[in-house]
Amino acid sequence: MIDETLLDSPDGLIRADTRGLLRAIAASGAHVRTAARAAAESGLARLAPEGRPGTLLVAGTGPAVPLAAGLLGALAGDGLRVSPLRPTGALAAPGALTWPLPRWVGPLDLLLIVTDDGAEAGLSLLLEAAFRRGCAVVTVAPERSPLAEVTVHRRSLTIPHAPAPFQESGGHPAAPGPAWALLTPLLLLGDRLGLFEAPGDAVAAMADRLDAVAERCGPTTRTHDNIAKSLAAEFSATVPLLWSEGPLAEAAARHATGTLTALAGRPALTAGLPEALGEHGALLGGSLIPGADPDDFFRDRVEEPQPLRARVVLLRGPLRPDEPGGMGEPDEEENVPGVPTAAGAARDLAFQQGVAFSELTAEEGSGPLETAAEFIARLDFTAVYLTLAAGTGP
């Protein structure tokens, strides 16, 4: 359980936030703008594309790597394979990790390496291995870091890691917010290479959307008007099931499950529609604790805790990256009598099982980047509020 009174106390939240998690996430828009300027100054605009890569590989440290792989894959659609490289090592410390390069990687592929440190020996070894295979490499790393120097030595493109100045990192590897400084250059690079559309004005609109979510979900907004605080209160006594519709929503849901687990210490599950109806269907009926009956009339409601139940949140995004992201109006199929939809089936299943169900949608007319940013920021704020109110902060 959490202290729900803390959620409506801005001063109390600030005092509890000793690591600056709220300030870190509120600076997401500033990170995007600063990183975009640094990417433009690095010569990215002068890059001459030489065809589409066969496979886009993403490697690095922190939550930015799986988030980048998910978003790049969602934006590129089925015309490009995006593969994150998983590290190996005896310890989780970045300095002890290595990134094996798959045997099939060759001159037709592109390797993206992102890090906010640049001193990881394993990433430099990965770059050298890719160079020997003839694989193109682009790195996002701090200027004058060992990785940046190796990149220049191998005559590859390096984009400086440029977070917003005077901003806190959040003091935790899974702290949301700073990852946008690593993600933004990759979005601009993908646009320059013609992999998907992410021009400068769309990136600027994404930064504005992050600012807007930070205002709506900030600590001064009361719980009944703040979707992030409301979800944090509900997630405290439930297991979140984050269902998604569309590739952008799926990438955001996967990122959210990782943040809820790593930062707030709360297990969460994710699945896309319609597969979620089968994969999570058994979790919807009754308590998730074996033997516990939430409807037991004789249960001691003072001594025994409330049985753990599921809580479904459906993220609804465009089914294709070129569709408008706003879902303010129902799908055309939902307006056709007798035509079933996955979202409708999800609502019906949750209602039949008596499980709390809600939907997250982006503003009508939103572009793909704005849609992704709104999903990610809302759930990032949710994880932070859950962390602070439960006292599980790092």
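Please read these numbers as outputs of a predicted model, since none were measured by experiment.

1. Examining unusual backbone geometry
Between Leu273 and the following residue, Pro274, the backbone shows a cis peptide bond with an omega angle of 5°. Within the fold, Pro274 resides in the loop between strand E7 (269-272) and helix H12 (275-279). Of note, Arg144 is a non-glycine position whose phi angle comes to about 65°, a positive value. Of note, Arg144 is situated in the loop between strand E4 (136-141) and helix H7 (146-153). On the basis of relative accessible area, Arg144 is assigned to the exposed category, the value being 71%.

2. Focus: the sheet that holds E7
The strand order across the open sheet built from 4 strands is E7-E6-E8-E9, with neighbouring strands paired in parallel fashion. Because the sheet does not close on itself, it has two edges, and the strands there are E7 and strand E9 (356-361). Pairs of neighbouring strands in the sheet enclose a mean axial angle of 25°, with direction left out of account. With 4 bridges connecting them, strand E6 (residues 238-245) and E7 associate as parallel partners. Residue pairing for E7: Leu242 is matched across the bridge by Thr270. Its contacts with the sheet place helix H10 (residues 227-235) against E6, strand E8 (309-316) and E9, and it is angled at close to 150° to E8.

3. Comments concerning the sheet that holds strand E3 (residues 110-114)
With respect to topology, 5 strands assemble into an open sheet ordered E2-E1-E3-E4-E5, the strand pairing being parallel. Looking along the sheet, the strands with just one partner apiece sit at the ends: strand E2 (81-84) and strand E5 (157-160). Within the sheet, the average angular offset between the axes of one strand and its neighbour, ignoring direction, is 20°. The sheet strands contacting helix H5 (residues 64-76) are strand E1 (55-60), E2 and E3, and the helix crosses E1 at an angle near 160°.

4. Quick notes on the nonpolar core
Of all hydrophobic cores here, the largest spans 86 residues; its most connected members are Leu112, Leu187, Leu315 and Phe381. At 14 residues, helix H14 (residues 368-390) tops the list of elements feeding residues into this core. Trp99, Leu111, Val137 and Leu147 belong to the second largest nonpolar core, which has 19 residues in total.

5. Some points on the side chain of Arg378
Residue placement: Arg378 occurs in helix H14. Residues within four places of Arg378 in sequence aside, it is in contact with Val213, Arg216, Cys217, Ile227, Ala228, Leu360 and Thr361.

6. Some details on the packing of helix H4 (residues 28-41) against helix H9 (residues 200-216)
Where H4 contacts H9, the two axes come as close as 7 Å, and the packing angle between them is 160°. Relative to H9, the element H4 is oriented roughly antiparallel. Between H4 and H9 lies a crossing of left-handed hand. Counted together, Ser28, Gly29, Ala30, Val32, Arg33 and Ala36 of H4 and Val203, Met206, Ala207, Asp208, Leu210 and Asp211 of H9 form the full contact between these two elements. In terms of residue class, the contact of H4 with H9 is built from 7 nonpolar, 2 polar and 3 charged.

7. A word on the confidence of the model for the protein chain
Interpretation of this model should avoid reading the predicted coordinates in detail wherever pLDDT is low. Chain-level pLDDT for the protein chain is 88 on average; 88% of the residues reach the 70-or-more range. Scored below 50 in pLDDT, residues 325-330 makes 22 contacts in the model with residues more than four places away or belonging to other chains.

8. Quick notes on the side chain of Ser124
Position of Ser124 relative to the elements: it lies in helix H6 (residues 121-133). Here Ser124 falls in the buried class, since its relative accessible area comes to 14%.

Cut-offs and rules
Residues numbered from 1 in each chain as written. Predicted model: local features only at pLDDT ≥ 70, side-chain atom pairs only at ≥ 80, totals over all residues. Heavy atoms only, no water. Helix = DSSP H or I, 4+ residues; strand = E, 2+ residues; numbered from the N terminus. Buried < 20%, exposed > 50% of the residue type's maximum accessible area, 1.4 Å probe, protein only. Pairing = 2+ DSSP bridges. Axes fitted to C-alpha atoms, helices over the stretch in contact; angles between N-to-C directions. Contact = heavy atoms within 4.5 Å. Core = buried A, V, L, I, M, F, W, Y, C linked by side-chain atoms within 4.5 Å. Parallel < 35°, antiparallel > 145°, perpendicular 65-115°, else oblique. Left-handed = near helix turned anticlockwise from the far one by under 90°. Nonpolar A, V, L, I, M, F, W, Y, C, P; charged D, E, K, R; others polar. pLDDT = per-residue confidence, 0-100.

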